[in-house]
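# Chain and residue survey
Now for the letters of each chain:
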Amino acid sequence: MHTLEDVNKDRLPQHVAIIMDGNGRWAKQRGKLRVFGHENGVESVRQTVESCAKLQIPFLTLYAFSTENWNRPKVEVDTLMRLLVTALKKELKTLHKNNIRLKAIGKMDTLPEKVRKELEEVISKTSKNTGMTVTLALSYGSREEIKTAVQQIATKVKNNIISPENIDEAVINTHLYAHFLPDVDLLIRTSGECRISNFLLWQIAYAELYFIDVFWPDFREHHLVEAILSYQNRERRFGKTSEQLN
Ligand code: FPP
């Protein structure tokens with residue numbers, strides 16, 4: 001089993017994004033309700049944040065709740081929201097201790113008041129931290145993010161604030177929820193599903209994808225290390241040839 005020491009610190013992914021999947025199936029395997037899986041998933045979040053902090057990965061983004069997740073049974077949605085509030089309250093101290101800045105992306109106005117308030121408080125209290133940025137994707141959908149950006153840009157065009165010729169990738173990027181994040185270098189999805197599920201579509205253009213057949217509540221540091229080692233063994237060509245890179 002590999003450990004953090006095996007990771008090449010000179011070739012770290014700057015931005016790791018994770019689709020935390022498989023909580024429900026993990027619980028079902030144990031004859032428990034789906035919410036039991038989410039409860040245990042919180043510990044994987046805690047440990048993963050800690051491992052990324054130890055490695056000094058600058059950006060970690062976690063897909064915690066998608067726009068589509070609102071369609072789940074009310075009891076499950078309520079539990080996820082409650083878990084979020086509890087985790088935020090509980091982890092504020094640890095975030096500070098590790099110099100971590102918390103951020104969020106998504107349609108914040110659709111979150112329950114209690115979650116929004118707690119989130120705003122932790123975001124504001126950690127805003128001056130200079131270490132890793134942990135971003136929670138909450139009520140997030142990438143198509144919705146892009147649609148909102150297009151609407152904002154179209155309004156600026158209509159009001160002569162910007163001209164169509166000047167719309168480039170940088171302009172589009174500044175209108176996205178995730179405007180403060182660099183492109184994703186490594187995208188991990190747990191549970192064996194090989195899908196992107198409407199996550200950071202713009203930002204993963206050149207990301208290395210890593211799918212692992214482990215349910216999220218079982219995801220531990222050595223799994224993260226394997227993902228990073230796999231990333232470090234890949235040649236990222238960004239459209240160029242191998243010879244050009246060398
Ligand atoms: C996917 O598993 C997981 C989620 C939709 C929620 C992830 C949330 C947590 C890990 C807990 C709270 C998060 C934080 C940041 C404290 P699934 O329910 O889709 O599992 P399944 O595919 O097996 O049904």
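Right, let's walk through the structure included here.

So, how was this worked out
- Residues numbered from 1 in each chain as written.
- Predicted model: local features only at pLDDT ≥ 70, side-chain atom pairs only at ≥ 80, totals over all residues.
- Heavy atoms only, no water.
- Near = heavy atom within 4 Å.
- Polar contact = N/O pair within 3.5 Å; in protein donor to acceptor, adjacent residues only side chain to side chain.
- Areas by Shrake-Rupley, 256 points an atom, 1.4 Å probe, with all protein chains shown as cover.
- Helix = DSSP H or I, 4+ residues; strand = E, 2+ residues; numbered from the N terminus.
- Nonpolar A, V, L, I, M, F, W, Y, C, P; charged D, E, K, R; others polar.
- Axes fitted to C-alpha atoms, helices over the stretch in contact; angles between N-to-C directions.
- Parallel < 35°, antiparallel > 145°, perpendicular 65-115°, else oblique.
- Left-handed = near helix turned anticlockwise from the far one by under 90°.
- Contact = heavy atoms within 4.5 Å.

## Regarding the site of the ligand
Taken together, 17 residues lie near the ligand, and Asp21, Gly24, Arg25, Arg34 and Arg72 sit nearest. Contact distances for the ligand include 3.0 Å between an oxygen atom and a backbone N or O atom of Gly24. Considered on its own, the ligand offers 630 Å² of accessible surface; in the complex 91% of this is hidden by protein. Of all elements in the fold, only helix H1 (23-29), helix H2 (34-55) and helix H3 (74-97) reach the threshold of two or more residues within the shell around the ligand. Of the residues forming the shell around the ligand, the biggest block, 4 residues, is contributed by H2. Grouping the constituent residues of the shell around the ligand by class yields 7 nonpolar, 6 polar and 4 charged.

## A closer look at the packing of H2 against H3
Geometry of a packed helix pair, given as the angle between the helix axes and the separation of the axes. The geometry of H2 relative to H3 is characterised by a closest axis approach of 10 Å and an angle of 25° between their N-to-C directions. One way to sum up the angle between H2 and H3 is to call them roughly parallel. Relative to H3, the crossing made by H2 is right-handed. Touching Arg34, Val35, His38, Glu39, Val42 and Arg46 of H2 are Val75, Glu76, Thr79, Leu80, Arg82, Leu83, Ala87 and Glu91, all from H3.

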